[in-house]
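# Working through the structure, step by step
Now for the letters of each chain:
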Amino acid sequence: MKMLAFVPFALAALLLTSAGNARGDSCVTSACHVEISKIAVPHAPVKDGDCASCHNAVSKEHPIKGGKSFQLAAKGGALCTGCHDGLATKKLVHAPVKGGECVACHKPHGSSGRFLLEKGDDQNPLCTGCHDQATFQQRFMHGPAAVGSCTECHDPHQSQEKALLKQPVRDLCLRCHSDFNNQLKSAAFQHPPVKKDPCTTCHDPHGSGVPMFLVKKMPDLCISCHTAIGKKITDAKVVHKPIKSEAGCSACHSSHFSKAKGLLAFPEMETCLSCHGQDKPGMKNISKEIAKKKYLHGPIKNGQCRACHDPHGSNYFRMLGGNYPETLYAPYKDGLYDACLKCHEKNLLRFADTTIYTKFRNGNRNLHYVHVVNSRKGRTCRVCHAPHASNGEKLMHVDGVEFGEWKIPVNFTITATGGSCAPGCHRPLAYDRDKPQEYSTNKAK
Amino acid sequence: MSATRSVRLMGIGKVLSLLSGALLALGLAGCMGGKAAREPVFWPPDPNPPRVQFLKGVSGSKDVTTASSVKLLSLNNDDDEGPKMIAKPYGVAFSKGKFYVVDTIQNNIAIFDLVKETFEILPNKGRGKLKKPINLTIASNNGNLFVADSFRKEILEYDEMGNFVKAYGKELEMKPVDVAVDDNKIYALDISHSEIKVIDRASGEPAGVIGKAVEGQEGLALPTNLSMDKDGFLYVTNSGTGKVVKLDRDGHIVHAFGKLGDSFGEFGRPRGITVDDKGRILVADASHQNVQIFNETGRILMFFGDPGYVYESLNLPAGVTTISSNLDYFQKLAAPGFILEEVIVVTNQFGPTKVSFYGLGQMKDFKGYESITPAEKEKGGAAGQKK
């Protein structure tokens with residue numbers, strides 16, 4: 001009897017308790033909060049039916065039509081940090097985290113994906129809810145950004161690094177691009193920014209409208225540092241065509257590292273001949289021109305094309321590094337033959353008589369002067385000399401020089417003290433430095 | 001055109017209190033014939049980075065050797081004399097460790113080696129006796145000495161031992177004041193005709209005249225000094241026009257620069273000229289009392305030696321030459337951290353120092369003029385690098 005007397009008190013206590021602390025097994029039923037039972041990945045308290053860890057009853061009556069009988073156990077982020085560690089301790093904190101807006105990203109009861117995130121592995125829809133969508137819709141995209149793996153690089157809560165990056169930029173990039181890093185370390189020539197600066201100096205880590213998601217198209221990107229080249233490209237009458245192509249500077253240069261000087265893709269001449277050594281319309285095949293030739297022009301022998309040509313752009317004929325006549329005939333005047341005379345004897349064409357500047361003379365009479373410093377018909381160097389290679393000594397044309405449809409023969413020979421020439425230009429003539437030839441007669445000597 | 005010793009900033013009162021002491025010290029230093037330890041003297045003056053330092057002065061055998069007598073060069077002459085002074089030097093040349101200095105008062109050639117500490121006098125006897133030597137040069141092919149004698153009106157050749165070999169050009173009626181030689185030719189600078197007489201070395205026969213004015217081109221005008229660079233070009237100073245004229249051996253004038261005047265790059269009385277291994281042209285000026293250095297196009301780079309010091313400044317400078325190898329001896333004379341690139345030797349017709357040695361170089365930690373920041377320039381920071 002005594003036991004029966006306690007029953008009403010016990011029932012009353014049970015009723016009071018159920019109204020004050022929500023229990024999952026009573027909250028989620030076939031009639032109430034049924035959607036929570038369908039969550040694929042429930043929040044741990046939900047899974048445990050521990051609704052009261054977050055929700056507190058404020059009224060005995062539940063549900064109340066038009067009112068609330070429960071309220072959250074704490075406001076904002078404080079509700080979460082009751083169980084989770086605080087996430088606002090580092091230098092930079094994601095704005096929602098800082099504002100306690102955990103639910104801006106996370107579903108508090110549970111979600112279809114991990115981390116109480118609703119959108120699955122592709123985080124782009126979630127992040128672009130706030131961040132500019134255009135960034136992630138570029139023509140050329142960085143892999144992680146393309147597939148929405150934002151958290152591969154960014155910490156969604158907080159970081160010591162700018163842009164909430166998980167590590168300093170370079171370290172972060174090289175975490176995946178380890179193969180690149182190994183090649184960089186062993187390369188003979190490294191582009192200084194690649195060696196020490198953040199990759200984002202040149203690349204947009206999300207994507208851009210430029211191949212390799214560069215921050216600017218080439219050559220604009222490159223000349224933002226290489227200003228002298230930029231000025232040359234801007235000022236030059238003729239710019240080397242590849243620079244203006246989509247490949248830009250990388251048509252010739254390796255942007256990161258290289259085995260060749262000047263960060264060229266290959267050694268200098270090999271790089272040039274990769275285009276200029278082919279049969280292309282409007283271009284001479286220089287590989288064919290120099291192949292098996294007995295004599296090569298000095299710079300070519302050393303594999304240097306840019307000793308004469310400016311590979312970026314030039315105001316001069318054939319993109320030469322200095323002045324040189326475009327026409328076949330051009331009487332010498334100071335500066336007109338700079339392209340050749342910057343290496344060859346500067347006084348070669350200045351004096352009608354000399355014992356110093358050339359061996360091509362009859363006695364002291366300077367025959368270079370005779371040929372080039374001719375006010376009516378000064379012959380340019382290429383009339384007699386092949387600029388790249390020849391089987392003739394002194395790079396004299398052996399097969400003849402192109403003159404429209406005719407190849408003018410030269411027939412040049414050298415002796416110990418002079419030589420002779422039997423070209424298509426004049427009658428056969430000899431010259432001798434020690435015993436000058438007399439040219440007034442009609443006989444060739 | 002003046003230079004100042006490297007001076008740290010200090011209070012005016014302190015400066016005044018030190019001034020009397022400094023003047024006394026300076027006087028004593030002058031009396032001591034330059035042997036007292038000195039603060040290094042640099043050009044250009046503060047706040048510019050130092051490029052030229054005065055290293056040493058030689059005025060006689062006592063500055064070269066401790067030996068009490070001086071030998072006459074040549075195996076045939078073993079006469080010993082007492083200590084020798086250089087009275088009034090003009091031309092200077094350097095070959096195989098030896099300096100050759102013309103003395104226009106004593107009419108002889110002093111030959112000294114600073115490393116081996118020898119001081120010799122070219123024998124001055126017989127057919128090879130000098131009457132009024134002015135300038136000289138050493139042939140690169142055999143080491144023979146060629147001297148321009150304006151009184152004998154000849155070029156005199158001596159072998160390495162000092163033996164007289166030959167006299168050239170008596171019949172040319174010239175007044176030679178300087179001479180250059182290559183393997184085949186002698187180039188005698190004739191001040192009386194403002195031209196260069198070319199003489200064949202092997203035959204001694206005249207081989208032409210160069211340097212005359214041609215149509216549209218000014219020739220030599222009262223030329224005083226001549227030098228040949230390593231490429232065989234001739235450089236002539238002209239007191240008539242104040243120009244430096246560069247000619248090839250055929251006589252073509254390939255370049256000319258300068259004019260009479262007292263501004264930078266201009267000349268008052270241009271005298272000795274030389275071209276160093278790097279193509280820099282050095283010209284001594286008896287009026288400005290300095291040496292101006294030009295690049296190969298004639299653009300002035302700097303000048304040094306201008307008046308201001310008793311011992312270190314130039315005093316009626318005449319001849320100039322440079323040395324760019326085996327500088328160990330001179331490096332030891334340079335200020336700590338001042339690395340020599342070449343040594344410039346200049347003769348002075350007057351003053352306590354008859355042959356002045358200057359080091360051209362830069363401080364070890366100097367990274368070029370472009371490395372000096374504007375703030376450093378304002379503070380004279382570049383000068384600080386020499387301390």
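Residues numbered from 1 in each chain as written. Chains lettered and ligands numbered in written order. Predicted model: local features only at pLDDT ≥ 70, side-chain atom pairs only at ≥ 80, totals over all residues. Heavy atoms only, no water.

Along chain B, the regular secondary structure elements total four helices and 27 strands. Sorting the 387 residues of chain B into buried and exposed places 55% on the buried side. Considering only contacts within chain B whose residues lie at least 6 apart along the sequence, 50% involve residues at least 24 apart. Counting only carbon and sulfur atoms, one obtains 53% of the accessible surface of chain B, whose full area is about 17200 Å². (Helix = DSSP H or I, 4+ residues; strand = E, 2+ residues; numbered from the N terminus. Buried < 20%, exposed > 50% of the residue type's maximum accessible area, 1.4 Å probe, protein only. Contact = heavy atoms within 4.5 Å. Areas by Shrake-Rupley, 256 points an atom, 1.4 Å probe, with all protein chains shown as cover.)

Residues and elements named next belong to chain A. Overall, the coordinates contain 20 salt bridges over all chains when judged by the stated rule. The shortest N-O distance in the salt bridge between Asp-310 and Lys-232 comes to 2.5 Å. With Asp-310 in the loop between helix H16 (298–301) and strand S13 (313–314) and Lys-232 in helix H12 (residues 227–235), this pair connects stretches of sequence that are 78 residues apart. A residue is classified by how much of its surface remains accessible, and Asp-310, at 13% relative accessible area, is buried. (Salt bridge = Lys/Arg side-chain N within 4 Å of Asp/Glu carboxyl O.)

Residues and elements named next belong to chain B. Residues Phe-112, Phe-330, Val-343 and Phe-357 are the most contacted members of the largest nonpolar core, which totals 27 residues. Elements with a minimum of two residues in this core: strand S2 (52–58), strand S6 (98–103), strand S7 (108–113), strand S8 (118–121), strand S26 (338–348) and strand S27 (355–363). Looking at which element gives the most residues to this core, the answer is S26, with four residues. When neighbours within four sequence positions are excluded, Val-343 is seen to be in contact with Leu-55, Thr-321, Thr-322, Ile-323, Leu-327, Phe-330, Phe-357 and Tyr-358. Counting 18 residues, the second largest nonpolar core, distinct from the first, contains Trp-43, Val-52, Tyr-311 and Val-320. (Core = buried A, V, L, I, M, F, W, Y, C linked by side-chain atoms within 4.5 Å.)

Further remarks concern the environment of Pro-83 of chain B. All names here are of chain B. Following the sequence through the fold, Pro-83 ends up in the loop between strand S4 (80–81) and strand S5 (89–95). Owing to a relative accessible area of 61%, Pro-83 belongs among the exposed residues under this scheme. C-alpha separation for the pair Pro-83 and Ser-61, spaced 22 residues apart in sequence, amounts to 5.8 Å.

On to the interface of chain B and chain A. How big an interface is tends to be stated in terms of accessible area lost as the parts join. Across the contact, seven residues belong to chain B and eight residues belong to chain A. Interface of chain B and chain A: buried area, both sides summed, is about 590 Å²; carbon and sulfur atoms make up 50% of it. Per-residue buried area on chain B facing chain A is highest for Asp-250, His-252 and Val-254 of chain B; these three make up 63% of the total on that side. Taken together, the connections running from chain B to chain A amount to zero salt bridges. In this assembly, chain B and chain A are joined by five residue pairs in polar contact (both at pLDDT 80 or more). A class-by-class count of the residues in the side of chain B that touches chain A yields three nonpolar, one polar and three charged. (Buried area = accessible area lost by both parts, 1.4 Å probe. Polar contact = N/O pair within 3.5 Å; in protein donor to acceptor, adjacent residues only side chain to side chain. Nonpolar A, V, L, I, M, F, W, Y, C, P; charged D, E, K, R; others polar.)

Honestly, it's all geometry; don't read function into it.
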